[in-house]
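# A look at the structure
Given next are the chains, with one letter for each unit.
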Amino acid sequence: MRLKFLIPFGIFILLSVFLFKGLFMDPRQLPSALLDKPMPVWTLPNLFNPEKSFTTTDMKGKVWVLNVWATWCQPCKQEHPFLVDLQRSGLKTPLLGLVYRDTRDNADNWLRNQGNPYDEVVFEAKSSATLDMGVTGVPETFIIDKDGIIRRRISGGLNQARWDKEVQPLLDELNAQSPKEAP
């Protein structure tokens, strides 16, 4: 007879634990299966010169930032002036832009009119590279270390506060480290 009352109580306790844990999670941080794993290898054409291509292996031996964005994305539009200012202030870490589910013309016009904060901009006609990286929306920013390992994934737009708190300290730490493998 007691068992009949203990089963619902046990289910209640289990649900309560999961819900309580959720109170302390940051909804802006999405889990990433690739965190602390190698960056997927892909080759994509340059936005401005499709005959020129970029591959992720080109960055081996360097700490770099990959920003996935689109012209139709409102948070990307809010983030863009910060990225332009960041680049103008002398950002030493390479910043790569990956255009996500957009047209080449829209992205080209946007960067020519609003400023181009990227050291390299690649365009993906299909979503295979972003699928391999687990991109779920834009903007998303990835921090990759000298060994090509993804160290952080940031969902949502960057601003000065997020940069100072989440990105710059990690970049400083990663740049101070030696690569584990030969570049």
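Details of the structure are given in the entry above.
Residues numbered from 1 in each chain as written. Predicted model: local features only at pLDDT ≥ 70, side-chain atom pairs only at ≥ 80, totals over all residues. Heavy atoms only, no water.

## Considerations on the overall build of the protein
- A count of helices and strands for the protein gives five helices and seven strands.
- Reading the protein from its N terminus to its C terminus gives the helix and strand order α-β-β-β-α-β-α-β-α-β-β-α.
- Taking 183 residues into account, the globule formula puts the C-alpha radius of gyration at 16 Å, and the protein, at 20 Å, lies well above it.
- In terms of principal-axis extent, the alpha carbons of the protein reach across some 75 × 40 × 30 Å.
- Residues counted as buried form 44% of the 183 residues belonging to the protein.
- Long-range pairs, those at least 24 residues apart, make up 73% of the contacts in the protein between residues at least 6 apart in sequence.
- Here the protein has roughly 10700 Å² of accessible surface; of this, 59% comes from carbon and sulfur atoms.
- Computed over 22 positive and 21 negative side-chain charges, the separation of the two mean positions in the protein equals 8 Å. (Helix = DSSP H or I, 4+ residues; strand = E, 2+ residues; numbered from the N terminus. Rg over C-alpha atoms; globule rule 2.2 N^0.38 Å. Buried < 20%, exposed > 50% of the residue type's maximum accessible area, 1.4 Å probe, protein only. Contact = heavy atoms within 4.5 Å. Areas by Shrake-Rupley, 256 points an atom, 1.4 Å probe, with all protein chains shown as cover. Lys, Arg positive; Asp, Glu negative; His and termini not counted. Charge placed at Lys NZ, Arg CZ, Asp CG, Glu CD.)

## What about the side chain of asparagine 67?
- Along the chain, asparagine 67 turns up in strand E3 (residues 64-69).
- Assessed through its relative accessible area of 0%, asparagine 67 is described here as buried.
- Side-chain polar atoms of asparagine 67 contact the side chain of glutamate 79, separated by 3.3 Å.
- Sequence-distant contacts of asparagine 67, that is, excluding residues within four places in its chain, are made with Glu79, Leu83, Leu95, Leu96, Gly97, Leu98, Tyr118, Pro139, Glu140 and Thr141. (Polar contact = N/O pair within 3.5 Å; in protein donor to acceptor, adjacent residues only side chain to side chain.)

## A word on empty space enclosed by the protein
- A full pass over the atoms with the stated rule returns two cavities of 30 Å³ or more.
- Here the largest cavity is characterised by a volume of approximately 40 Å³.
- Of the residues that constitute the lining of the largest cavity, the class distribution is three nonpolar, two polar and four charged.
- Looking at the second largest cavity, its volume works out to about 30 Å³.
- Asn67, Trp69, Cys76, Glu79, His80, Leu83 and Tyr118 together form the lining of the second largest cavity.
- In terms of residue count, helix H2 (residues 74-88) provides more of the lining of the second largest cavity than any other element does, four residues in total.
- Class assignment of the residues belonging to the lining of the second largest cavity gives a composition of four nonpolar, two polar and one charged. (1 Å grid on protein atoms, 1.4 Å probe; cavity = no way out; pocket = protein on both sides within 12 Å on 5 of 7 lines; lining within 4 Å. Points joined across faces, edges and corners; volume = space filled by probe spheres on them. Nonpolar A, V, L, I, M, F, W, Y, C, P; charged D, E, K, R; others polar.)

## Quick notes on the nonpolar core
- Grouped together as the largest cluster of nonpolar side chains are 47 residues, with contacts concentrated most on Trp42, Leu66, Val68, Trp69 and Met133.
- With residues near it in sequence (within four places) discarded, methionine 133 still touches Leu34, Met39, Pro40, Trp42, Leu66, Val68 and Phe142. (Core = buried A, V, L, I, M, F, W, Y, C linked by side-chain atoms within 4.5 Å.)

## Structural notes on the layout of surface pockets
- Estimated volume of the largest pocket: approximately 160 Å³.
- Lining the largest pocket are 14 residues, and of these Met39, Thr57, Lys60, Asp147 and Gly148 sit closest to its centre.

## Structural notes on the pattern of salt bridges
- In total, this model carries six salt bridges according to the counting rule given.
- Aspartate 36 is the salt-bridge partner of arginine 151, the closest N and O atoms lying 2.8 Å from each other. Taken together, the residues span a long stretch of sequence, with arginine 151 in strand E7 (residues 150-155) and aspartate 36 in the loop between helix H1 (2-22) and strand E1 (43-45) at a distance of 115 residues.
- The residue glutamate 166 makes a salt bridge to arginine 162 at a minimum N-O spacing of 3.1 Å. Of this pair, glutamate 166 and arginine 162 both sit in helix H5 (residues 160-176), separated by four residues, roughly a single helical turn.
- The buried category is assigned to arginine 162, whose relative accessible area is 7%.
- Connected through shared salt-bridge partners, Asp36, Asp145 and Arg151 make up one network. (Salt bridge = Lys/Arg side-chain N within 4 Å of Asp/Glu carboxyl O.)

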